[in-house]
Amino acid sequence: MPTLSSPLSRSAIAATFALAAAFGAEPWPLERLFSRPYVWGTSPSALQWSRTGQRLGFLWNAEGHRFLDLYVWDARGKNRTRVTDLESLTDEFWKTGEQKDDRRKDYVMPEAGLSSFTLSADGKQAAFAYKGDLFVADTSSAKPLFRLTRTKISESRPAFSPDSSKLASIRGGQIVVQDLGSGQLWQVTDIEAPRELQGYAWSRDGKRICYWTEQAAARRIPLPNYSGRLVTASPFDRSVAGDMPPETGIFVISSQGGAPVEIGLGPIGGKAFFSTPEWSPDSKRIAIQSDAVNSSRQTILVAEASTGKSTVVVDEKDPAWVFSSEFGWSPDSQWLWFTSERDGFAHLYKVAAGGGDAVQLTRGPFEVRGERFTHAPQWVGEWIYFSSTENGPSERHFYRVRPNGSGKEQLSKGPGLHDGLLPEDGRYIGWMRATLEQPFDLWVDETRVTTSPKPEFAGLPWPRTEFVTYRSRQDGKTVHAKILLPPGYSLGAKGQQWPCVFFIHGAGYATSVLKQWGSYHDLRFVYNTYLANKGYVVFDLDYRGSSGYGRDWRTGVYLDMGGPDLEDVLGGVDYVRSLGNIDMKRLGIWGVSYGGFMTNMAMFRSPDTFRAGSSWAAVNDWENYNAWYTGQRLGSPTANPEAYRRSSPILFSNNLKNHLLIVHGMVDNNVLFQDAVQLTEKLIREGKDFPCNIYYPQ
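Quick notes on the rules
Residues numbered from 1 in each chain as written. Predicted model: local features only at pLDDT ≥ 70, side-chain atom pairs only at ≥ 80, totals over all residues. Heavy atoms only, no water. pLDDT = per-residue confidence, 0-100. Contact = heavy atoms within 4.5 Å. Pairing = 2+ DSSP bridges. Helix = DSSP H or I, 4+ residues; strand = E, 2+ residues; numbered from the N terminus. Axes fitted to C-alpha atoms, helices over the stretch in contact; angles between N-to-C directions.

**Some remarks on the confidence of the model for the chain**
Averaged over all residues, the pLDDT of the chain equals 93, while 96% of them reach at least 70. Here residues 22-27 is modelled with pLDDT under 50, and outside its nearest four sequence neighbours on either side it reaches 16 contacts, counting other chains as well.

Structure representation (structure tokens):
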């Protein structure tokens, strides 16, 4: 389940002190740690090499604030240039309703800055959209930005043509292209309602554009906002469990405009979930991945760009739901690489672009995949580069293998998380590296490009970490966990009895047991370090459904969320009891999003285990959540009503005995505020006593 990305509000941070207060501990002031600039800084993101491989662009804030600007590293000259300073730009056009409202402006989150950009082929120019306008920047000098548009209508998703002479973008729901030499601007598409443009991609020769549309969303849900003098409720597109996805269409059109060619979408059809189409390097074909509504079947199609005729080259099925594979082209356009769990673990395969038997390139009890902190595999020259868990699920290392499966070698060194990104010519490697002691930062080859932590970071008392395994209470399967150790605590040492707090990571399919400072989420990690430094043993586990452990672990929650995964948590309770120095009458549990859901399930379905819990942004009734996520794990409420009943905490709330703090943001557009409202109303009717903290930001 996608998780909240907003920083924790001060009121919400204060609310979590109730967890410590339930044990009689005095909270440690967090004003410095939870105030910008964060002492751990802001790690670089959105890495992108230029086609020629000399320049690497990335988004960063060198001071540790939230606002992201564009930086470029010149690999040949080994120098870093700050390309933008957008926070200083102002324009009346850009003021939002919140910023104009005397009341609501006090609740506005700090601006996030850039979210994406595009580099010219040689990397000497960058283009981006900022607040609905287009800008072009010189990446190697201090020349002022060139503002290409200043319009009330929004422009977005700029992309240079492969020869960098033109810039495409989306304006008014259509693709437009501007010649950067002559200034000529033309509209490429003519998409009519109820179709809506979702995205596009240039062919490598610049002659054509592939674009994809969806039928307008059938369901729009109001999102109430209470921060102004008058309550507003802006509607937004949102599915709920059981909804069908909108009908997708994929087309190819000349970059000059004209009649589009529709791409055949194969046996699954247009009512499915699609990945971004990928052009072949020779510009003749397009590869497309589609997932069925319940994700029990996934195909990769290869379509002829000139005719739209498609062929299924990969057809995956799973009795639960199919792992969302990644794919890409070989440099010669003759092969596709893809990842699959067909042998029980995510591994690299290749298949001829015209179809045929797939060839497995990696094998073993480990995972090959892109994650939120690693890039997807890349086929560069005579090698395929990838990150994997071969050295253990708590680490990521970077490897390469020849396209025939031979010559696999590890390129990264040292413990921790290592991710690499190469340009097309393979001359350099851009590295993102993190360890238990350091957050992610950027290197190119062995030259350090960024240092994100502030000087005071190294002097703070970050707790020691132990990595352990134990057995699930349900079936004895191995569960991986890490423990943050309070000062003076040793595993199994006799004598003092210590309180313990379980942290449950969000998203479900994610991982937190990592040899990386900040782990799953830096702000939540910092709060856990607060607990450890106040004398709490903090237990952080990768319950069933977490990533990095193979197909069976990933699908272990199918039709029963909060069942087997809760048994994994309770197995952790058995483990800490076995240590002999944990006070079993002072156990706590907390988490956000899926972690909040699991907290509520633990407090309701094992009501005597945890003395206190704090659930943030919890899904309490899965029928309220989006169709894509619930369709994978629970199917539809009509087909599997019992799966929804057994997986929804709200149906077990009458069992609550101990202290539960419920925290939720009122304008959360992921886990809707209704989940908190419905649960609290039911607890009130059941005569339960509980604190609740609601706050404005998401």
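Still more ground to cover, so stick around.
**Considering the sheet that holds strand 38 (residues 498-504)**
The strand order across the open sheet formed by eight strands is 36-37-39-38-40-41-42-43, and the pairing between neighbours is mixed. Lying at the two open borders of the sheet, with one neighbouring strand each, are strand 36 (464-471) and strand 43 (692-695). When the angles between neighbouring strand axes are averaged without regard to direction, this sheet yields 20 degrees. The pairing of strand 41 (residues 612-616) with strand 42 (residues 659-665) spans five bridges and is classified as parallel. Across the sheet, residue Ser614 finds its bridge partner in strand 42, namely Leu661.

**Here's the deal with the side chain of Ser290**
Mapped onto the elements, Ser290 comes out in strand 21 (residues 285-291). Ignoring anything within four residues of it in the chain, the contact list for Ser290 reads Ile268, Ala272, Phe273, Phe274, Arg297, Gln298 and Thr299.

**Some remarks on unusual backbone geometry**
Residue Pro37 is bonded to the preceding Arg36 through a cis peptide linkage, with omega at -5 degrees. Looking at where Pro37 falls in the secondary structure, it is placed in the loop between helix 1 (10-21) and strand 1 (42-49). Following Ala193, the chain continues into Pro194 via a peptide bond in cis, with omega recorded as 10 degrees. By the element assignment, Pro194 lies in the loop between strand 12 (185-187) and strand 13 (195-202). Phi is positive for Ala46, which is not a glycine, with a value near 55 degrees. By the secondary structure assignment, Ala46 is in strand 1. Backbone geometry at Arg157 places phi at a positive 50 degrees, although glycine is not the residue there. Mapping Arg157 onto the fold places it in strand 9 (residues 155-160).

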